[in-house]
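Coordinate inspection notes
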There are 2 protein chains.
Amino acid sequence: MKDVLIVTDPEKIKLLADRTRLEIINLLRERPMAASGLSILLKKDVSTIYRHINLLEKAGFVRAVGKEGNEKLYRRTARIFLIAPAGEGNLITLTMDAIHHREAETLYNLFKRAGFEIEDRTLFINVIKTFLSSLETLSRDLVKRLEGMNIDPIEFIHLMNLLVLINSPKLQEEAKKLRELLKLED
Amino acid sequence: MKDVLIVTDPEKIKLLADRTRLEIINLLRERPMAASGLSILLKKDVSTIYRHINLLEKAGFVRAVGKEGNEKLYRRTARIFLIAPAGEGNLITLTMDAIHHREAETLYNLFKRAGFEIEDRTLFINVIKTFLSSLETLSRDLVKRLEGMNIDPIEFIHLMNLLVLINSPKLQEEAKKLRELLKLED
């Protein structure tokens, strides 16, 4: 499994607008699974799961990595997908909104687990979504230049950090709101 | 192997001041290796390698994961170590400087591979080092609260991005220099 895969093709990204497909690629990060296993976890029939897997496989998000009995086992092709659409459109906007919403919720839960009291959950999630969405737009050209490169996770983290830093002059409003929400001093 | 391990104990972090030990933990991310294999790659005798491995194992950076013939195979305990010392001292400063220098060089190479012409390599590396070092100091308290939590790599990346964003008002000088060095427009 690759560490990081940058995905910019709008046609591929649109596939992730579907909740079941998004759940499939999330589940296949932990361990390889067969369609029957996914079918039980996601409470969908096996033929539906196969249809989604075939689409995801064609787009390069998952691939068969072995067999369990008669069934193929599937795994994600990369530990981290960096989704950065090289194009616009209603479905792309909706897909990115769904992805950012999920990421914002994850971050909210992480900060809660770390002991932060965030009174306004909705506002926190909206600020993070605005941040992620602005960052994606601002760093689109840079990310495009990195496509196809083999990036290890440490490099990737530093790179993302640099993208935030480079674009931070345009993100000062979000920075201020976040400091307030997390009750951090200036 | 865990995805992310946060290391704050200064005594453990000091171990990474040694170049050979840093190389050992970098090599053990890709695949498990025995002391003899590391000995050949790093051109050090096996007893030296064992001494380093024992120190790294005690500190929780590597662990035995199996055997190859008579030899134990070792692997890193996490894909990503977040090194954030909860303490000061000369050796800690030197260790963090070495770690940041290595990371800055990696980023320089990454941007070069992506086609950026960076004329002043030394300046670029110094700006990145200042950024990483400021970020580490500014986010120390936050990182301390996350220690011991099980964080997946996506959460970790978003979290690091947020740390940069939250602290960005204090990092505007570095942001400006970086934009200039990468010839990005304001």
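Use the structure listed above.
Residues numbered from 1 in each chain as written. Chains lettered and ligands numbered in written order. Predicted model: local features only at pLDDT ≥ 70, side-chain atom pairs only at ≥ 80, totals over all residues. Heavy atoms only, no water.

Of the transformation superimposing chain B on chain A, the axial component is 0.0 Å and the angular component is 180°, with the fit at an RMSD of 0.0 Å. In symmetry terms, the pair is related by a two-fold rotation axis. Same-surface contact between copies: 100% of interface residues of chain B are shared with the interface of chain A. (Least-squares fit on C-alpha atoms with pLDDT ≥ 70 in both. Contact = heavy atoms within 4.5 Å.)

On to the sheet that holds strand S2 (residues 33–34) of chain B, then. Residues and elements named next belong to chain B. Taken in spatial order, the 3 strands make up an open sheet running S2-S4-S3, and their pairing is antiparallel. Looking at strand neighbours, the two that pair on one side only are S2 and strand S3 (62–68), the edges of this open sheet. Note: S2 against strand S4 (residues 71–76), 2 bridges, orientation antiparallel. In the strand pairing of S4, Ala34 is matched with Leu73. Packing against the sheet, helix H2 (residues 19–30) makes contact with S2, S3 and S4, and its axis sits at approximately 90° to S4. Sitting on the sheet, helix H4 (residues 46–58) is in contact with S3 and S4, with an inclination near 125° to S3. (Pairing = 2+ DSSP bridges. Helix = DSSP H or I, 4+ residues; strand = E, 2+ residues; numbered from the N terminus. Axes fitted to C-alpha atoms, helices over the stretch in contact; angles between N-to-C directions.)

Here we take up the pattern of salt bridges. Going through the model one piece at a time under the given rule, you end up with 26 salt bridges over all chains. Residue B:Asp3 is joined to A:Arg79 by a salt bridge in which the shortest nitrogen-to-oxygen separation is 3.1 Å. Of the two residues, B:Asp3 sits in strand S1 (residues 2–7) while A:Arg79 sits in strand S5 (residues 78–83), which places them in two different chains. For B:Asp3, a relative accessible area of 13% gives the class buried. The shortest N-O distance in the salt bridge between B:Glu23 and B:Arg19 comes to 3.5 Å. Residue B:Glu23 and its partner B:Arg19 are both found in helix H2; the two are separated by 4 residues, about one turn of the helix. Each of the salt bridges in this network shares a partner with another, and the network as a whole consists of A:Asp3, B:Arg29, B:Glu30 and B:Arg79. (Salt bridge = Lys/Arg side-chain N within 4 Å of Asp/Glu carboxyl O. Buried < 20%, exposed > 50% of the residue type's maximum accessible area, 1.4 Å probe, protein only.)

All names here are of chain A. Ordered in space as S2-S4-S3, the 3 strands form an open sheet in which the pairing is antiparallel. Both outer strands of the open sheet, strand S2 (33–34) and strand S3 (62–68), are each paired with one neighbouring strand and no more. Lying over the sheet, helix H2 (residues 19–30) contacts S2, S3 and strand S4 (71–76), oriented at roughly 90° with respect to S4. The sheet contacts of helix H4 (residues 46–58) involve S3 and S4, and relative to S3 the element is tilted by about 125°.

Two numbers describe how helix H8 (residues 153–167) of chain A lies on helix H6 (residues 121–138) of chain B: the axes approach to 12 Å, and their chain directions differ by 95°. Taken together, H8(A) and H6(B) sit at an angle that is classed as roughly perpendicular. Contacts between H8(A) and H6(B) involve A:His158, A:Asn161, A:Leu162 and A:Leu165 on the former and, on the latter, B:Ile128, B:Phe131, B:Leu132 and B:Leu135. Per-class residue counts for the contact of H8(A) with H6(B) are 6 nonpolar, 2 polar and no charged. (Parallel < 35°, antiparallel > 145°, perpendicular 65-115°, else oblique. Nonpolar A, V, L, I, M, F, W, Y, C, P; charged D, E, K, R; others polar.)

Let us now look at the interface of chain B and chain A. Between chain B and chain A, the residue contacts involve 50 residues of the former and 50 residues of the latter. A combined buried area of about 4500 Å² lies between chain B and chain A, and 72% of that area is made up of carbon and sulfur atoms. Three residues, B:Leu162, B:Leu165 and B:Ile166, lead the burial of chain B against chain A; their summed loss comes to 14% of the area buried on that side. Between the two partners, chain B and chain A, sit 10 residue pairs in polar contact (both at pLDDT 80 or more). Those elements that place two or more of their residues in the side of chain B that touches chain A are strand S5 (78–83), helix H5 (90–113), H6, helix H7 (140–146), helix H8 (153–167) and helix H9 (172–181) of chain B. When residues in the side of chain B that touches chain A are grouped by element, the largest group, 14 residues, is from H8(B). (Buried area = accessible area lost by both parts, 1.4 Å probe. Polar contact = N/O pair within 3.5 Å; in protein donor to acceptor, adjacent residues only side chain to side chain.)

Next up on the list: the pairing of S4(A). Residues and elements named next belong to chain A. Here S3 runs beside S4; their pairing, made up of 6 bridges, is antiparallel. Its bridge partner being in S4, Val62 is matched across the sheet by Arg76. Following S3, the chain reverses through 2 residues before pairing antiparallel with S4; Gly69 in that reversal takes a positive phi of roughly 65°.

The next thing to look at is the packing of helix H5 (residues 90–113) of chain A against H8(B). Between H5(A) and H8(B), whose axes approach to 10 Å, the crossing angle comes to 80°. What the angle tells us is that H5(A) and H8(B) run roughly perpendicular. Here A:Glu103, A:Thr106, A:Leu107, A:Leu110, A:Phe111 and A:Arg113 of H5(A) come into contact with H8(B), specifically with B:Glu155, B:His158, B:Leu159 and B:Leu162. Broken down by class, the residue content of the contact of H5(A) with H8(B) amounts to 5 nonpolar, 2 polar and 3 charged.

This brings us to the nonpolar core. Within the largest apolar cluster, 78 residues are counted, with the highest numbers of intra-cluster contacts made by A:Phe111, A:Phe124, B:Phe111 and B:Phe124. When sequence neighbours within four positions are dropped, the list of residues in contact with A:Phe111 reads A:Phe116, A:Ile118, A:Phe124, A:Leu182, B:Leu142, B:Leu159 and B:Leu162. (Core = buried A, V, L, I, M, F, W, Y, C linked by side-chain atoms within 4.5 Å.)

Further remarks concern the pairing of S5(A). All names here are of chain A. The buried fraction of S5 is high, at 6 of 6 residues. Bridge count for strand S1 (residues 2–7) against S5 is 5 bridges, and the pairing is parallel. Bridging across to S5, Val4 finds its partner in Ile80.

Bringing helix H3 (residues 35–42) of chain A into the picture now. Residues and elements named next belong to chain A. Every buried residue of H3 is listed here: Ala35, Leu38, Ser39 and Leu42. In a view along the axis of H3, the buried residues occupy a sector of 105°, so they form one face of it. Where H3 is buried, its residues contact H2, S2, H4 and S4. Once H3 ends, the next one or two residues include Lys43, with phi positive near 55°. (Arc of directions from axis to C-beta.)

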